[in-house]
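Commentary on secondary and tertiary structure
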Amino acid sequence: MSENYDVVQYLAGISAGSELAKSRVIRQQATEHTQGSYQALFSRGSDDFPLALRTLIAAQVAAWHQLTALQQHYASLSPAAQPSAALTAALSFARRLTFEPVACGPDDIQHLQQAGWQTDTIVTLAQLIAFVSFQSRLISGFRLLADHQAPSAGEPNPPVCAGRWHTHPQTQQQQPAPVAFTQKTLGWEPWLAPKPLTEFTPQQQEILTGFGHQNSAYFRLLGRDLPVLEQRTLTDKGIFYTPGGLPRAERELAAAVTSKVNGCIYCASVHARKASQLSKKRDEVALLLQVQPGDPLSAGQSERWQAEIEAVAALSLTPPQLTATHLRTLSDLSLPVLEITDLIQSAAFFAWANRLMLTLGEPFILPQNAETAAR
């Protein structure tokens, strides 16, 4: 398939010259590297993770998101993989990661290993599932936005509630684990061995160092598939660190909201802290983090934040539940298409990020002196 073929644009039905198309041009880095991530995962396979296996898993993840066009797209890329213990284990892992990533634990990694999956391919598998979760939400959100020419508001959408999170007090390595959402700095321990920096080539070390990833266990673990990590990091930067459009604080808010839906304490700690610092609304962010499982996420927030939280949370469900009514509410609050594009991309990206953090390791509480140093 041509590298110029933009899967998201085609499957979301984004017309050339539309406001959404113009917004994606303004966000060219995110657009380009979303497609680059797709190419890194699906332009070719490997002996231990062939393309037929990759596309079959991707098609199933798309089906779980109820995106028939995306499912058919992946099914068309290569012949179907043959049944095997490795495929059965991968699909079981993919289902859990798609619907309830917070339920993943070290045992899930062990089951993959027992079915013949190696560390490098487990990382690629997790990236693939998480990427299709991101891609599915982009297509779902952009398809609505592409059709959004001031649609009439329908019935009010029911509020989305906070998901459950881990409450066990110790990590696998017996470190103290957080049992509630926090804005404090946390550590993260992997369930698979990160790749030692010395095992990367000088060119690969340069890439890691350029992103500031060289001392991070998380990123050196993802570095086991460096082409995917590189494209993913550039996608992240294109979504969160670009000027204009949605205020950066509200992009960080979207990351925190998605993390509340998925139960990812680590991601929420990082991005709630950034939302607080940038918005100067620490109490409002704290209120969001305090929402208990089963309670509405947007309660007590300002009208604008309430609308953003409800849209983000709806997009974060599996399958996504974002509606035209959500978009109409955002438009009525004077969010232009570029800002809504930023909101959708920010929420969708954390469908990807949460699924890696919750699948490959877990957070721990830093000693007080280490937390001070981390800041």
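What you are looking at is a predicted structure, and each value in this text was computed from that prediction instead of being measured.

Conventions adopted
- Residues numbered from 1 in each chain as written.
- Predicted model: local features only at pLDDT ≥ 70, side-chain atom pairs only at ≥ 80, totals over all residues.
- Heavy atoms only, no water.
- UniProt positions renumbered as here; feature names shortened; annotations may be inferred.
- Helix = DSSP H or I, 4+ residues; strand = E, 2+ residues; numbered from the N terminus.
- Salt bridge = Lys/Arg side-chain N within 4 Å of Asp/Glu carboxyl O.
- Buried < 20%, exposed > 50% of the residue type's maximum accessible area, 1.4 Å probe, protein only.

**Examining the UniProt feature "domain: Carboxymuconolactone decarboxylase-like" (unreviewed entry) in the chain**
With numbering aligned to this structure, UniProt lists the feature "domain: Carboxymuconolactone decarboxylase-like" (unreviewed entry) at residues 229-290. The straight-line gap between the two end C-alpha atoms of residues 229-290 is 32 Å; of that span, 82% is helix and 0% is strand.

**Quick look at the pattern of salt bridges**
Taken as a whole and assessed by the stated rule, the structure comprises 12 salt bridges. We note a salt bridge from D6 to R24, for which the minimum N-O separation is 3.1 Å. Remark: R24 occurs in helix 2 (residues 19-26) and D6 occurs in the segment before helix 1 (7-12); sequence separation between them is 18 residues. Note on D6: relative accessible area 16%, which makes it buried. For R27, the salt bridge goes to D342, with nearest N and O atoms at 2.7 Å. One end of the pair, R27, is in the loop between helix 2 and helix 3 (28-42); the other, D342, is in helix 17 (residues 337-360), with 315 residues separating them in the sequence. Residue class for D342 comes out buried when judged on its relative accessible area of 0%. Within the structure, one salt-bridge network assembled from shared partners comprises E250, R304, E308 and E339.

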